[in-house]
Amino acid sequence: MNLDEFVSTHAPESGGETFQLENSKLLDVTVSGSVMAKAGSMVGYTGDISFERKSEGGLTGMLKKRATGEGTVMMQATGEGNLYLADQGKEVQILELGETDEISVNGNDVLAFEEGVGWDIRMMNSIAGASSGGLFNVFLEGPGRVAITTHGKPLVVPTPVSTDPNATVAWSSDVSPSAKRDIDIKGLLGRSSGETYQLEFPEEGGFVVIQPYEEFQPGQ
């Protein structure tokens, strides 16, 4: 295609929702006030937007840093304009949370959420034995839009189910995982902890989001 066609074909979409996909891997956020996003995920913006890293001191700051990935924290984008976000070529999924909706997301897989969404970092003591990024999870409570990322197209599986910790992205608030180890480690030399440990979701009526990829955390 010629240059004019290239420019027009790949130009941002106009109008639409506050959170909208420019393509499957790039999120366009219309900022009018403020929005929370994963630090380092900004690939561009238009208008007048400023950024503030939301890193707190002490234990809280350590947990938030650990939950959102090694060396990263959340950032607050404030102003007026369009903010373009992406994370290592991962697919972006937009969720609309109602007032009573709550979801637990692996901290490394949270891309952005609207200012009105409540959030909290919680240590998952019940799965501390499993070497996974899910040890520290971000609990998000509506109402509002949330963007999460997955390697490839996600699969949403109803509970009860057991999953690989490194492939587990999120789960509904009405279920809680525990770690189980049911394969002899002697037969797993050189294998990942995902085969050694599994996350078990025994309750009925919930769901778990998994991805076709094992996402290892630093140090694994």
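Residues numbered from 1 in each chain as written. Predicted model: local features only at pLDDT ≥ 70, side-chain atom pairs only at ≥ 80, totals over all residues. Heavy atoms only, no water.

An unreviewed UniProt entry lists the protein under the name AIM24 family protein, with Halogeometricum luteum given as the organism.

Trainee: Quick one: what's the story with the pattern of salt bridges, residue by residue and with numbers?
Mentor: Enumeration over the complete set of coordinates arrives at six salt bridges. Its salt-bridge partner being Glu 215, residue Lys 90 comes within 3.1 Å of it at the nearest N-O pair. Taken together, the positions of Lys 90 in the loop between β4 (74-85) and β5 (91-97) and Glu 215 in the segment after β16 (207-210) put the pair 125 residues apart, joining distant regions of the chain. The exposure classification of Lys 90 matches that of Glu 215, with both residues buried. With a closest N to O distance of 3.3 Å, Glu 96 and Arg 145 form a salt bridge. Here Arg 145 lies in strand β10 (residues 144-150) and Glu 96 lies in strand β5, a separation of 49 residues in the sequence. (Salt bridge = Lys/Arg side-chain N within 4 Å of Asp/Glu carboxyl O. Helix = DSSP H or I, 4+ residues; strand = E, 2+ residues; numbered from the N terminus. Buried < 20%, exposed > 50% of the residue type's maximum accessible area, 1.4 Å probe, protein only.)

Trainee: I'd like to hear about the sheet that holds strand β15 (residues 198-201), residue by residue, with values.
Mentor: The sheet built from three strands is open, its strands ordered β12-β15-β14 with antiparallel pairing. Both edges of this open sheet fall to β12 (161-163) and β14 (178-180), since each of them pairs with a single strand only. Strand after strand, the sheet turns through a mean of 35 degrees between neighbouring axes, direction not considered. Of the pairings in the sheet, the one linking β12 to β15 comprises three bridges and is antiparallel in character. What sits directly across from Thr 163, in β15, is Leu 199. (Pairing = 2+ DSSP bridges. Axes fitted to C-alpha atoms, helices over the stretch in contact; angles between N-to-C directions.)

Trainee: Just give me the short version of the sheet that holds strand β6 (residues 102-106), but keep the residues and values in it.
Mentor: In a beta sheet, neighbouring strands are held together by backbone hydrogen bonds and run either parallel or antiparallel to one another. As summarised here, the arrangement of the six strands in space is β8-β9-β6-β13-β16-β11, forming an open sheet in which the pairing is antiparallel. Each end of this open sheet is capped by a strand with a single partner; those strands are β8 (118-123) and β11 (155-158). Neighbouring strand axes in the sheet, compared pairwise and without regard to direction, differ in orientation by 25 degrees on average. Of the strand pairs in this sheet, β11 and β16 are connected by four bridges, and their pairing is antiparallel. Residue pairing for β16: Pro 158 is matched across the bridge by Phe 207.

Trainee: Kindly report on unusual backbone geometry, identifying the contributing residues and their values.
Mentor: Pro 143 follows Gly 142 through a cis peptide bond whose omega is 15 degrees. On the secondary structure map, Pro 143 appears in the loop between β9 (136-141) and β10. Note the cis peptide between Thr 159 and Pro 160, where omega equals 10 degrees. Locating Pro 160 in the fold gives a position in the loop between β11 and β12. Backbone geometry at Gln 88 places phi at a positive 55 degrees, although glycine is not the residue there. Looking at the element boundaries, Gln 88 is found in the loop between β4 and β5. Residue Gln 88 is classed as exposed on the basis of its relative accessible area, which comes to 70%.

Trainee: Give me the lowdown on the environment of Asn 166, citing residues and values where you can.
Mentor: Secondary-structure assignment places Asn 166 in the loop between β12 and β13 (168-172). For the pair formed by Asn 166 and Gln 198, sequence separation is 32 residues and the distance between their alpha carbons is 9.3 Å.

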